[in-house]
Amino acid sequence: MSFAELGLSEAIVRAVTENGYTQPTPIQAQAIPAVLKGGDLLAGAQTGTGKTAGFTLPMLERLLSGQRAAPRQVRALVLTPTRELAAQVEESVRTYGKYVKLSSAVIFGGVNINPQIQRLERGVDILVATPGRLLDLLQQGAVDLKKVEILVLDEADRMLDMGFIRDIKRILVLLPPQRQNLLFSATFSDEIKALADGLLNNPAMIEVARRNSTIEIVSQKIYGVDRDQKHKLLTHLITERNWFQVLVFTRTKHGANKLAEQLNKADISAMAIHGNKSQAARTRALAEFKSSKLQVLVATDIAARGIDIDQLPHVVNYDLPNVPEDYVHRIGRTGRAGATGEAVSLVCVDEHGLLRDIERFIKREITREVVAGFEPDPNAKAQPIQLRSQEHRQRSGPRTNNRSGAQPNGDKRGGSSGAGGRQQAGKPARSGSGQSTQAAAPQRSQTQRTGLSSSTNSGRPALGGQAAANANQQRRRSGQR
Ligand code: AMP
């Protein structure tokens with residue numbers, strides 16, 4: 001099946017071919033004809049599946065017929081949860097729309113609003129926006145959504161996780177009732193289903209394989225290490241193995257800054273990106289990383305969302321994520337489009353419970369290794385893990401409502417905490433899922449050999465408190481796809 005056979009015009013196919021794509025990905029093969037028909041669409045697809053082109057290409061095609069946008073008007077509106085994703089989607093629109101006469105713009109918070117007002121004044125065929133800044137512009141009368149023909153909600157689950165539902169609803173009422181709606185989401189929670197029910201009219205439904213069924217091509221490894229030796233081990237791995245283009249995930253913004261500093265001191269060029277960094281700093285770090293000027297990019301989960309780097313060779317989990325699904329998102333950043341990649345996790349005694357949750361989620365055991373000179377202390381005691389929401393509270397006081405900490409975009413409407421909507425405020429620190437679940441820990445003998453058994457955890461009652469909350473959250477996330 002070729003792009004032309006899917007019903008796309010020569011000008012669009014030419015741009016796609018020039019971009020190096022010869023065959024549609026599964027989501028594209030299904031979504032493109034469905035969108036071209038003009039009906040609504042509910043699509044289950046994650047970043048990395050080619051979903052962006054899946055909606056961008058048929059959207060461009062459909063907009064080819066019809067009047068160009070009048071001043072302040074918009075013909076297609078794409079809402080995304082993060083600035084980075086918004087910027088990338090709009091870049092795709094420009095790439096694929098190279099040979100057609102359609103205009104596009106991207107708007108998000110954290111940058112000067114005036115150039116955005118000026119740009120919208122001329123009218124935009126395709127507007128890609130984060131919800132907060134779009135609402136600001138709507139309130140100022142800078143943009144008019146009455147002529148929107150196509151609405152796309154990209155990564156809708158993330159938008160809900162990040163507390164955007166009220167903003168989305170406020171935007172939806174400003175759209176004309178007659179329009180095409182496309183909803184893309186990696187997961188189908190009850191909230192997503194409710195949103196889809198209210199928004200979509202008899203939608204076509206498609207779902208492509210989740211990333212966690214394609215992670216086989218990523219080589220995954222766990223290095224057991226003591227908490228305070230992690231940065232030295234990372235420095236050692238990067239230097240000894242000549243790693244370039246290393247994307248490192250930390251749990252907290254503070255942790256990201258500290259690690260970038262430690263790496264710089266060891267003569268490894270590194271920058272941190274997270275919700276407290278200005279948009280300019282984030283853009284610069286990302287550009288330098290993509291062009292290989294920067295050896296290491298240290299990121300929190302939210303800042304890294306939507307980062308799209310082809311052929312990223314190394315992903316390092318400096319801290320394990322609190323939500324098992326984030327592990328899959330993280331390591332899926334390598335091994336894209338058939339390339340093999342390597343994902344290593346530096347795991348200390350505090351994180352054994354998280355590791356077990358991840359292994360259950362991906363339904364496989366990850367190979368354990370220790371690096372000579374960095375063997376973990378077998379008698380080390382687990383300490384509670386600091387969570388993002390705690391970091392946020394310590395720095396900025398308690399949250400007053402969901403929005404206050406839920407917008408990592410730095411949209412001025414929602415603050416720039418990066419506290420992360422996935423992390424529920426007030427969650428207790430986690431230190432493992434309890435002893436009675438240990439029987440299910442995979443291959444204990446190996447884990448014991450490497451000092452990575454789960455028995456050093458705090459010994460809380462099985463599935464009490466945090467573990468039960470996590471289990472529920474996991475059921476919600478994974479059980480209802
Ligand atoms: P997305 O899921 O939209 O974030 O896309 C993931 C990656 O797949 C991006 O790096 C795209 O450039 C790439 N991609 C999209 N469509 C294709 C295709 N048909 N063939 C090869 N790569 C693609």
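Everything numeric here is computed off the predicted structure, so don't read it as measured data.

A. How the structure looks around the layout of surface pockets. The volume enclosed by the second largest pocket comes to roughly 550 Å³. If you trace the second largest pocket, you find 21 residues lining it, with Arg227, Arg251, Lys258, Tyr318 and Asp319 closest to the centre. Going through the elements one at a time, helix 10 (230-240) and helix 11 (253-265) are the ones with two or more residues in the lining of the second largest pocket. No other element matches helix 11, which puts 5 residues into the lining of the second largest pocket. Residues of the lining of the second largest pocket, tallied by class, amount to 5 nonpolar, 8 polar and 8 charged.

B. Region of interest: the sheet that holds strand 10 (residues 270-273). Spatially, 7 strands are ordered 10-11-9-12-13-8-14 in an open sheet, and the strand pairing comes out parallel. Each of the sheet's edge strands pairs with one partner strand only, and the pair in question is strand 10 and strand 14 (367-369). Sheet twist, expressed as the average angle between the axes of neighbouring strands with direction ignored, equals 25°. In terms of strand pairing, strand 8 (residues 218-224) meets strand 13 (residues 341-347) through 7 bridges, oriented parallel. Looking across to strand 13, one finds that serine 219 is bridged to glutamate 342. The strands touched by helix 12 (residues 279-290) are strand 9 (246-249), strand 10 and strand 11 (296-299); relative to strand 10, the strand with the most contacts, the crossing angle is about 135°.

C. Broad picture of the nonpolar core. By size, the foremost hydrophobic cluster in this structure holds 39 residues, and its most contacted members are Leu41, Leu57 and Met59. A per-element tally of this core places helix 3 (residues 51-64) first, with 6 residues. Every residue in contact with leucine 57, bar those within four places of it in the chain, is listed here: Phe3, Leu8, Ile12, Val16, Ile32 and Tyr96. Counting residues in hydrophobic clusters, the runner-up holds 37 residues, among them Ala105, Leu134, Ala142 and Ile168.

D. The pairing of strand 4 (residues 124-129), seen in detail. The buried count for strand 4 comes to 6 of 6 residues, which makes it a mostly enclosed element. Bridge count for strand 2 (residues 74-79) against strand 4 is 5 bridges, and the pairing is parallel. Looking at the pairing, leucine 79 lines up with alanine 129 of strand 4. In this structure, strand 3 (residues 104-107) lies alongside strand 4, joined through 4 bridges in parallel fashion. Considered in strand 4, the bridge of serine 104 is made with isoleucine 126. Considered for its hand, the β-α-β crossover made up of strand 3, helix 5 (residues 114-121) and strand 4 is right-handed.

The rules behind the values
- Residues numbered from 1 in each chain as written.
- Predicted model: local features only at pLDDT ≥ 70, side-chain atom pairs only at ≥ 80, totals over all residues.
- Heavy atoms only, no water.
- 1 Å grid on protein atoms, 1.4 Å probe; cavity = no way out; pocket = protein on both sides within 12 Å on 5 of 7 lines; lining within 4 Å.
- Points joined across faces, edges and corners; volume = space filled by probe spheres on them.
- Helix = DSSP H or I, 4+ residues; strand = E, 2+ residues; numbered from the N terminus.
- Nonpolar A, V, L, I, M, F, W, Y, C, P; charged D, E, K, R; others polar.
- Pairing = 2+ DSSP bridges.
- Axes fitted to C-alpha atoms, helices over the stretch in contact; angles between N-to-C directions.
- Contact = heavy atoms within 4.5 Å.
- Core = buried A, V, L, I, M, F, W, Y, C linked by side-chain atoms within 4.5 Å.
- Buried < 20%, exposed > 50% of the residue type's maximum accessible area, 1.4 Å probe, protein only.
- Right-handed = clockwise from strand over helix to strand, strands pointing away.

Nothing here speaks to function; it is all geometry.
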